[in-house]
Amino acid sequence: MNPPRLAIIIPCYNEEEVLPSSLKILLGLLTRMAGDGLVAADSYILCVDDCSKDSTWQIVNETHKADGRVKGLSFAHNSGQQNALIAGLLTAMDHCDCAVTIDSDLQDDPEAIIRMVEKFREGCEVVFGVRSSRDTDTWFKRTSARGFYRFQEMMGVETVYDHSEFRLMSNRAIHLLSEYGETNMFLRGIIVRLGLKTAVVACPRRARMAGETKYSLSKMISLSIDGITSFTAQPMRLIFLTGFVLLILDVIVAIYALISYFSHHTTTGWTSLILSVWFLGSLILMGLGIVGEYIGKIYVEVKHRPRYAIREKLFD
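Procedures and definitions
- Residues numbered from 1 in each chain as written.
- Predicted model: local features only at pLDDT ≥ 70, side-chain atom pairs only at ≥ 80, totals over all residues.
- Heavy atoms only, no water.
- Disulfide = S-S within 2.5 Å.
- Axes fitted to C-alpha atoms, helices over the stretch in contact; angles between N-to-C directions.
- Helix = DSSP H or I, 4+ residues; strand = E, 2+ residues; numbered from the N terminus.
- Left-handed = near helix turned anticlockwise from the far one by under 90°.
- Contact = heavy atoms within 4.5 Å.
- Nonpolar A, V, L, I, M, F, W, Y, C, P; charged D, E, K, R; others polar.
- Core = buried A, V, L, I, M, F, W, Y, C linked by side-chain atoms within 4.5 Å.
- Buried < 20%, exposed > 50% of the residue type's maximum accessible area, 1.4 Å probe, protein only.
- Pairing = 2+ DSSP bridges.
- Salt bridge = Lys/Arg side-chain N within 4 Å of Asp/Glu carboxyl O.
- Parallel < 35°, antiparallel > 145°, perpendicular 65-115°, else oblique.
- Phe/Tyr/Trp six-rings, centres within 6.5 Å; stacked < 30°, edge-to-face > 60°.
- Lys NZ or Arg CZ within 6 Å of the ring centre and 35° of its normal.

Focus: the state of the cysteines
One way to say it: the disulfide is the covalent bond shared by the sulfur atoms of two cysteines. Per the counting criterion, the structure on display carries zero disulfides. For the unlinked cysteine C12, the closest cysteine sulfur is that of C47, found at 4.6 Å.

Below, the structure is given as structure tokens:
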């Protein structure tokens, strides 16, 4: 097998503190892999700037001028990490044999890319980078991440545990992904369903070289909601089951109330009345909120608006 042309895709948002070091490390890795005959000499790095407010795009531009292996896309508006990854994959689709997506902070060990490419050359179309440990993460980060995966599993969404966006995809896998036309893309769920030969590469979670993570708890919750509403109607079924259980309880309470009435044991119960009203009111509002999430997704999908707008492109 001839050495494959590899594209390393990096979504970037306000990463001026860490990007210069990350690009230097990844360029060195590409040089080493090309020298060993593992990848083609024209392999490259594609940075997708999600409309950063700092000098991230300037760093990409200057590095591109110094080394043509660094290429870039700049969004006109902030569109989110998932759209940045999709834009990078679709841009590289016809210019690579395989592509690796990795966060710009390189907390996922870039040395694992070597093993990913080896798995690809053995015939695997998708290789997932799974974190073997999270010792460098804070207690809150570890707990919230585990809660994210467990909640996804509980809701019936198929994902790879402890895998974020660090993965290798073959050209064929990217073409299959490009056929998914929905606006709200949950890549961790879709790629698992492509039905291609997969493999897993374990790598430790490293500490950030500089700066702070841009992936906040609110973004993680938003991603979780996107994943659930994109792949399963389980929350709406839970609403129905909750209503059914409450109906059974209502019948039991009604029987008790009738027995008490005819036995002349009825008393005024202000506390129980208020608690039941607040409880049922909360369930109704939660149910409306869940249904609203699905209706909102439908509203966004039927408009067929572009996922992102590219302001500038460095790809020659």
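Anyway, onward from the coordinates.
So, the packing of helix 1 (residues 19–35) against helix 2 (residues 56–66)
Viewed as axis vectors pointing N to C, helix 1 and helix 2 meet at an angle of 35 degrees, and their least axial separation amounts to 10 Å. As helix 1 packs across helix 2, the resulting crossing turns out to be right-handed. Contacts between helix 1 and helix 2 involve L19, P20, L23 and L27 on the former and, on the latter, T56, I59, V60 and T63. Looking at the contact of helix 1 with helix 2 residue by residue, the classes come out as six nonpolar, two polar and no charged.

Regarding the nonpolar core
Counting 37 residues, the largest nonpolar core has L6, I8, I10, M33, I45 and I113 as its most contacted members. Only strand 1 (6–12), helix 1, strand 2 (44–49), helix 2, strand 4 (98–101), helix 4 (112–121), strand 6 (163–170) and strand 7 (198–203) provide two or more residues apiece to this core. Per element, the largest residue contribution to this core is seven residues, and it comes from helix 1. Apart from the residues within four sequence positions on either side, M33 is in contact with L6, L38, V39, I113, I114 and V117. Listed in part, the 31 residues of the second largest apolar core include F75, L89, C96 and I191.

What about the environment of I174?
Relative to the assigned elements, I174 resides in helix 6 (residues 171–178). Take I174: its relative accessible area is 0%, and that puts it in the buried class. Along the primary structure I174 and C98 are separated by 76 residues, whereas in three dimensions their C-alpha atoms are 8.4 Å apart.

Considering the sheet that holds strand 3 (residues 70–75)
The strand order 7-5-6-4-1-2-3-8 describes an open sheet built from eight strands, whose pairing is mixed. Looking along the sheet, the strands with just one partner apiece sit at the ends: strand 7 and strand 8 (310–314). Adjacent strand axes in the sheet meet at a mean angle of 20 degrees when their direction is disregarded. Of the strand pairs in this sheet, strand 3 and strand 8 are connected by four bridges, and their pairing is antiparallel. By the bridge assignment, L73 is partnered in strand 8 with K313.

Focus: the pattern of salt bridges
Any two side chains of opposite charge can pair, given that their charged atoms come close. In this structure the tally under the stated criterion is seven salt bridges. We note a salt bridge from R32 to E111, for which the minimum N-O separation is 2.8 Å. With R32 in helix 1 and E111 in the loop between strand 4 and helix 4, this pair connects stretches of sequence that are 79 residues apart. Given a relative accessible area of 40%, R32 falls into the partly exposed group. Where R167 meets E165, a salt bridge forms, and the shortest distance between an N and an O atom there is 2.6 Å.

Re the packing of helix 1 against helix 4
Viewed as axis vectors pointing N to C, helix 1 and helix 4 meet at an angle of 40 degrees, and their least axial separation amounts to 11 Å. On the basis of their axis angle, the class for helix 1 and helix 4 is oblique. For the pair helix 1 and helix 4, the crossing hand works out as right-handed. Seen from helix 1, the contacting residues are L26, L29, R32 and M33; seen from helix 4, they are I113, I114 and V117. Of the residues belonging to the contact of helix 1 with helix 4, the class tally is six nonpolar, no polar and one charged.

Details of the side chain of D105
Residue position: D105 is located in the loop between strand 4 and helix 4. Owing to a relative accessible area of 6%, D105 belongs among the buried residues under this scheme.

Description of unusual backbone geometry
With phi around 55 degrees, N14 is a residue other than glycine that occupies positive phi space. Residue placement: N14 occurs in the loop between strand 1 and helix 1. Overall, N14 belongs to the buried group, its relative accessible area being 18%.

Considering the packing of aromatic side chains
Scanning the model with the defined rule gives two aromatic pairs in all. Residues Y44 and F315 carry aromatic rings whose centres are separated by 5.5 Å and whose planes lie at 90 degrees to one another, so their mutual orientation is edge-to-face. Of the two residues, Y44 sits in strand 2 while F315 sits in the segment after strand 8, which places them 271 residues apart along the sequence. Here F315 falls in the partly exposed class, since its relative accessible area comes to 22%. Plain terms: the ring middles of F75 and Y308 are 5.1 Å apart, the flat faces sit at 5 degrees to each other, and that makes the pair stacked. Pair noted here: F75 is in strand 3 and Y308 is in the loop between helix 10 (270–303) and strand 8, with a separation of 233 residues, a long-range link. Classification of F75 by relative accessible area gives buried; the value is 0%. The exposure class of Y308 is partly exposed, given its relative accessible area of 22%. If you follow K71 out to its NZ or CZ, it ends over the ring of Y44, 5.6 Å from the centre. Taking NZ or CZ as reference, K313 lies 5.9 Å from the ring centre of F315, over its face.

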